[in-house]
Amino acid sequence: ASFGFRDVDVAEKQEMVDAVFHNVARRYDLMNDVMSGGMHRLWKDAFVSRLAPPRKGPRPFRVIDVAGGTGDIAFRIHERSGGHAVPTVVDINASMLAVGRERADKRGIAGIDFVEGNAEALPFPDQSFDAYTIAFGIRNVPRIDQALSEAFRVLRPGGRFLCLEFSAVDLPGLDKAYDLFSFKVIPLMGKVVARDEESYRYLVESIRRFPNQERFAQMIRDAGFARVGFTNLTAGVAAIHVGVKI
Ligand code: SAM
């Protein structure tokens, strides 16, 4: 019976997340800039630098960008690799993917696949990809351990896992300012700019509930990854976690 309750919770959480991103899809990119003061662009650049997708090789470099939303990571991967990498964007939300496809068309980028799918049950066979990326996505997934084991499954041996996510601030002083910003300023900006205070309140709460750097690193190890490590960005406001499937 308890298993049944757990299932309801999971379904409810996913439903709520889906409603949030459906509501914000059209304003999502603007809101990211407004709320992070453009910082998310630097974090995403650092993330894709860390991936360092190859610019040449005997065959295209296959990357799955999970919870890829409107394509920010996929576009960067495409550009940095000079088109040698072929990103597949997977997202559970058709509204976010629709914005992503439009952006790709506008930029004249062909060769990025946008696929509707769930991080907890990826619609691809085992060992399909050279790298797995997920940016500001995993904290929205109800069963993180399930998403991590799917990441492990779809990577080829030697394939790399990279995750960019909000994390725990580790600078005294900054943490207080960050609290004020999160709990007061963000919902207010959500209200004014996106006319959607509730969605942004949810986002802030989801950041606070997410495991800190060390705990999340351990979850990645538990999923089977080796050489797991993390790098803080902006004193831990965000962090990049990496691992390898060997
Ligand atoms: N990666 C993009 C970026 O960095 O701009 C989008 C991040 S956005 C904050 C989170 C995304 O996670 C949303 O597009 C949402 O639809 C997606 N998402 C939530 N739950 C998911 C799930 N179970 N499987 C796949 N994607 C999911």
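What counts and how
Residues numbered from 1 in each chain as written. Predicted model: local features only at pLDDT ≥ 70, side-chain atom pairs only at ≥ 80, totals over all residues. Helix = DSSP H or I, 4+ residues; strand = E, 2+ residues; numbered from the N terminus. Rg over C-alpha atoms; globule rule 2.2 N^0.38 Å. Buried ≥ 20, exposed ≤ 12 C-beta atoms within 10 Å, placed from the backbone. Pairing = 2+ DSSP bridges. Axes fitted to C-alpha atoms, helices over the stretch in contact; angles between N-to-C directions. Right-handed = clockwise from strand over helix to strand, strands pointing away. Contact = placed C-beta atoms within 7 Å. UniProt positions renumbered as here; feature names shortened; annotations may be inferred.

> I tried to follow the overall build of the protein chain on my own but got confused; where do I start?
A count of helices and strands for the protein chain gives 9 helices and 7 strands. Expected size for 246 residues packed as a compact globule is a radius of gyration near 18 Å; at 17 Å, the protein chain falls within 12% of this value. Projected onto its principal axes, the C-alpha positions of the protein chain cover 50 × 45 × 40 Å. Put simply, the protein chain has 246 residues, and 39% of those count as buried.

> How should I be thinking about the sheet that holds strand E2 (residues 85-91) in this particular structure?
Reading across from one edge, E3-E2-E1-E4-E5-E7-E6 is the order of the 7 strands in this open sheet, with mixed pairing throughout. Edge positions in the sheet fall to strand E3 (113-116) and strand E6 (226-233), since each has one partner strand and no second. Along the sheet, successive strands turn relative to each other by an average axial angle of 20°, direction set aside. Pairing analysis gives 6 bridges linking E6 to strand E7 (residues 238-244), with the strands arranged antiparallel.

> Where do I start with the pairing of strand E5 (residues 155-166) in this structure?
Strand residues, when the strand is regular, have side chains that alternate between the two faces of the sheet. A large share of E5 lies buried, amounting to 9 of its 12 residues. Pairing of strand E4 (residues 129-135) with E5, which is carried by 6 bridges, proceeds in the parallel orientation. Paired with Ala135 across the bridge in E5 is Leu164. A crossover links E4 with its parallel partner E5, the connecting element being helix H6 (residues 144-154), and its sense is right-handed. Strand direction decides the pairing type here: E5 and E7, joined by 7 bridges, are antiparallel.

> Mind showing me how you'd approach the environment of Phe136 here?
In this structure, Phe136 sits in the loop between E4 and H6. For Phe136, a count of 23 C-beta atoms within 10 Å corresponds to the buried category. Each C-alpha atom, one on Phe136 and one on Ala67, is 7.9 Å from the other, the two residues being 69 residues apart in sequence. Ignoring anything within four residues of it in the chain, the contact list for Phe136 reads Leu164, Glu165 and Phe166.

> For this particular structure, what's the right way to read the environment of Glu12?
You can see Glu12 is positioned in helix H1 (residues 2-24). C-alpha of Glu12 to C-alpha of Val185: the two residues are 173 residues apart in sequence and 27 Å apart in space.

> Teacher, can you tell me more about unusual backbone geometry here?
Backbone phi values are negative for most residues with the exception of glycine, while trans is the configuration of most peptide bonds. Positive phi values are uncommon outside glycine, yet Gln127 reaches one of about 55°. Assignment of secondary structure puts Gln127 in the loop between E3 and E4. By the C-beta count within 10 Å, which is 13 here, Gln127 ends up partly exposed. One non-glycine residue, Ala235, lies in the positive phi region at around 55°. Within the secondary structure, Ala235 sits in the loop between E6 and E7.

> How do you make sense of the UniProt feature "binding site: S-adenosyl-L-methionine" (unreviewed entry) in the protein chain when you look at a structure like this?
In the numbering used here, UniProt assigns the "binding site: S-adenosyl-L-methionine" (unreviewed entry) feature to Thr70, Asp91, Asn118 and Ala119. Within the fold, Thr70 resides in the loop between strand E1 (61-66) and helix H4 (72-80). The exposure class assigned to Thr70 is buried, which follows from the 27 C-beta atoms found within 10 Å. Looking at the element boundaries, Asp91 is found in strand E2. Here Asp91 falls in the buried class, since 24 other C-beta atoms lie within 10 Å of it. Setting aside anything within four residues of it in sequence, one finds Asp91 in contact with Ala67, Gly68, Gly69, Met96, Leu97 and Glu116.

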